[in-house]
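One-letter residues, chain by chain:
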Amino acid sequence: MLIQFALMAGVLWLALIGINGLAWHLSLKPENQAIVQFQGGWDRIIKPVAADSLQPEIAIFGASWARDMFDPDTIGAISGKRVFNHAVTGGTPWEARRFAESLLASDPALKLAILNADSFSQELDAPKFNPPFNPAILNTLDDGAPNPDVRAARLSGLLLSGSSLGYAAGIGAKLFRRDVMGEPKQALIASYSRADYTSRRNELAAAKDHFLETGGPLAAPGGKMRQKNAPSADFAGTVQAFCARKVDVTAYFTPHHVTRVHCDAKGDAARRTRSLMLELKATCAARLALYDFGYPNAITLEGITEPVSSSWFYRPDGHPRPVLGDLLFSLMSGNLAVAAPLGLDDRAASDLLAMSEADFEAWNTEKSARCSAQWTPEARSLLMSGKLPNG
């Protein structure tokens, strides 16, 4: 009986290794990267190891606002570079710094890091990390020293853990649906789902009054919206790590829908982050850039300037969709031609670090004034003339 039990346990152990090993093999194939990198829940376990293997030239860091917004396939097609979306569900500033340092220790090909500034905001009483974060699978220790046990930890975690088995089941099901059932990628990835605006007419009408007409009261779903805060110390540490390796850094503020995040009526978030990045730029061996899309504009007022039944830019939970990531990456890459048809001012794609102090304060004041329905005639005219996609 004991022998039979041992044999059965051995078979199950080998099956676990085989299933997890196959899932890992499939996870490294280029054609599977969008499905793999959008897979929530197991991203903290898979992404640090996958990024090392894929050696990206562009990497994105942050929380799920960034994870949902950048499709490595489409950003790769736009840029002509290998792209890895390293953002994770509920990612914290400390986690992002640790992921960045680990990748830098193994990826000499990396040329550009894109940091979601919102994800690096200093949050009071926020956890340092969220499960299942495992520092043992990172290439570096918290003090920057090489991690001598990283290979053993990765082998154990990827092949023997129950978490990896759960990941294998999830990724296997999606690849089966794509390759056998013929379902398109967009149907398999929750990030491509679209918010329904038909049930939010009253909320959108109140937002129109607040941002475009009288500046009256604005209520958010659930009665509470997120607040923008100052950048955390880990933001500076992450930028400095990239600077030391001569990797360019582009930071950006997410264009959250105006009903989801408090409007920054004083422009403090952009001002504080710009001030910090200018200090870092003085000693940085790489190029730094900062963009702010998080203010009332044609994107964040979707469904308010003109009625639409479903969102082109946002998921049902308010997270940005990948089509918005494609648009923002194009703008941050200097393709201003995509701005005006949407009703966006060219300054929406302006690097805030390249502006003079006077120009920055003028622009920051102008876009912040929109929080209380104060628009310049030119900006209002451009906004109302734009046509958003809604295919």
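Just above, that's the structure.
In this report, we go over the structure that sits alongside the text.

Criteria and thresholds
- Residues numbered from 1 in each chain as written.
- Predicted model: local features only at pLDDT ≥ 70, side-chain atom pairs only at ≥ 80, totals over all residues.
- Heavy atoms only, no water.
- Helix = DSSP H or I, 4+ residues; strand = E, 2+ residues; numbered from the N terminus.
- Buried < 20%, exposed > 50% of the residue type's maximum accessible area, 1.4 Å probe, protein only.
- Contact = heavy atoms within 4.5 Å.
- Lys, Arg positive; Asp, Glu negative; His and termini not counted.
- Charge placed at Lys NZ, Arg CZ, Asp CG, Glu CD.
- Polar contact = N/O pair within 3.5 Å; in protein donor to acceptor, adjacent residues only side chain to side chain.
- Salt bridge = Lys/Arg side-chain N within 4 Å of Asp/Glu carboxyl O.
- Pairing = 2+ DSSP bridges.
- Axes fitted to C-alpha atoms, helices over the stretch in contact; angles between N-to-C directions.
- Right-handed = clockwise from strand over helix to strand, strands pointing away.
- Disulfide = S-S within 2.5 Å.

## Let's talk about the overall build of the protein chain
Counting secondary structure elements, the protein chain contains 15 helices and five strands. Projected onto its principal axes, the C-alpha positions of the protein chain cover 80 × 50 × 40 Å. The buried share of the protein chain, reckoned over its 391 residues, is 53%. In the protein chain, once contacts between residues fewer than 6 apart in sequence are set aside, the share between residues at least 24 apart is 81%. Taken as two groups, the 39 positive and 40 negative side-chain charges of the protein chain have centres that lie 2 Å from each other.

## Quick look at the side chain of histidine 319
Assignment of secondary structure puts histidine 319 in the loop between strand E5 (288-292) and helix H13 (322-332). Only 2.7 Å separates the side chain of histidine 319 from the side chain of aspartate 68, close enough to count as a polar contact. Here histidine 319 is in contact with Ser64, Trp65, Asp68, Phe313 and Tyr314, once residues within four sequence places are set aside.

## Here's the deal with the side chain of aspartate 292
Its location among the elements puts aspartate 292 in strand E5. By relative accessible area, which is 5% here, aspartate 292 ends up buried. A polar atom in the side chain of aspartate 292 sits 2.9 Å from the backbone nitrogen of glycine 294.

## Here's the deal with the environment of leucine 342
Topologically, leucine 342 is positioned in the loop between H13 and helix H14 (357-369). Its relative accessible area of 10% is what places leucine 342 among the buried residues. For the pair formed by leucine 342 and glutamate 306, sequence separation is 36 residues and the distance between their alpha carbons is 12 Å. With near-sequence residues (within four places) excluded, leucine 342 lies in contact with Ala298, Leu327, Gly386, Lys387, Leu388 and Pro389.

## Considerations on the pattern of salt bridges
When the charged atoms of two side chains with opposite charge come close together, those side chains can pair. In the structure shown here, the tally under the stated rule is 24 salt bridges. Between aspartate 68 and arginine 315 there is a salt bridge whose closest N-O contact spans 3.3 Å. A residue pair is termed long-range when its members are at least 10 positions apart, and aspartate 68 in the loop between helix H4 (64-67) and helix H5 (72-79) and arginine 315 in the loop between E5 and H13 qualify at 247 residues. Taken individually, aspartate 68 and arginine 315 each receive the classification buried, so the pair is uniform in this respect. One salt bridge in this structure joins lysine 185 and aspartate 71, with 2.7 Å as the shortest N-O distance. You can see lysine 185 sitting in helix H9 (residues 185-188) and its partner aspartate 71 sitting in the loop between H4 and H5, a full 114 residues away along the chain. Of the two residues examined, lysine 185 and aspartate 71, each falls in the buried class. A network of salt bridges, in which partner residues are shared, links Arg97, Arg98, Glu101, Asp142 and Asp234.

## Side note on the sheet that holds strand E1 (residues 58-61)
Within the open sheet, the five strands sit side by side as E2-E1-E3-E4-E5. Their pairing is parallel. Looking along the sheet, the strands with just one partner apiece sit at the ends: strand E2 (83-85) and E5. Going across the sheet, the axis of each strand differs from the next one's by a mean of 15 degrees, ignoring polarity. Relative to strand E4 (residues 248-253), strand E3 (residues 112-116) is paired through five bridges, and the arrangement is parallel. Looking at E4, one finds that asparagine 116 is bridged to tyrosine 252. Contacts from helix H12 (residues 268-281) reach E4 and E5, with the element oriented near 175 degrees to E5.

## Let's talk about unusual backbone geometry
With an omega dihedral of 5 degrees, the bond running from proline 131 to proline 132 counts as a cis peptide bond. Tracing the sequence through the fold places proline 132 in the loop between E3 and helix H7 (150-160). Not every positive phi belongs to a glycine, and glutamine 55 is a case in point at roughly 50 degrees. Looking at the secondary structure, you find glutamine 55 in the loop between helix H3 (43-54) and E1. Its identity as a non-glycine residue notwithstanding, lysine 246 has a phi of 60 degrees, on the positive side. Mapped onto the elements, lysine 246 comes out in the loop between helix H11 (233-244) and E4.

## Quick word on the pairing of E5
Along E5, five of the five residues are buried, which leaves the element largely enclosed by surrounding structure. With burial as the criterion, each face of E5 is covered, one bearing Leu288, Leu290 and Asp292 and the other bearing Ala289 and Tyr291. Pairing between E4 and E5: five bridges, direction parallel. Bridging from a neighbouring strand, alanine 251 pairs with leucine 290 of E5. Of the crossover connections in this fold, the one passing from E4 over H12 to the parallel E5 is right-handed.

## Concerning the state of the cysteines
As enumerated under the stated definition, the model contains two disulfides in all. Across the disulfide from cysteine 243 sits cysteine 284; the S-S distance is 2.0 Å. Residues cysteine 243 and cysteine 284 share a disulfide whose torsion about the S-S bond is about -100 degrees; that sign makes it left-handed. Of this pair, cysteine 243 sits in helix H11 while cysteine 284 is found in the loop between H12 and E5, placing the two residues 41 residues apart along the sequence. Per residue, the accessibility class of cysteine 243 equals that of cysteine 284, and both read buried. There is a disulfide in this structure between cysteine 263 and cysteine 371, and the S-S distance comes to 1.9 Å. In this structure the cystine formed by cysteine 263 and cysteine 371 twists about its S-S bond by roughly -70 degrees; its chirality is therefore left-handed. Within this pair, whereas cysteine 263 is found in the loop between E4 and H12, its partner cysteine 371 is found in the loop between H14 and helix H15 (377-385), the two being separated by 108 residues in sequence. In the protein chain, the bonded cysteines, numbered by position in the sequence, are linked as 1-3, 2-4.

Taken by themselves, the reported measurements are silent on function.
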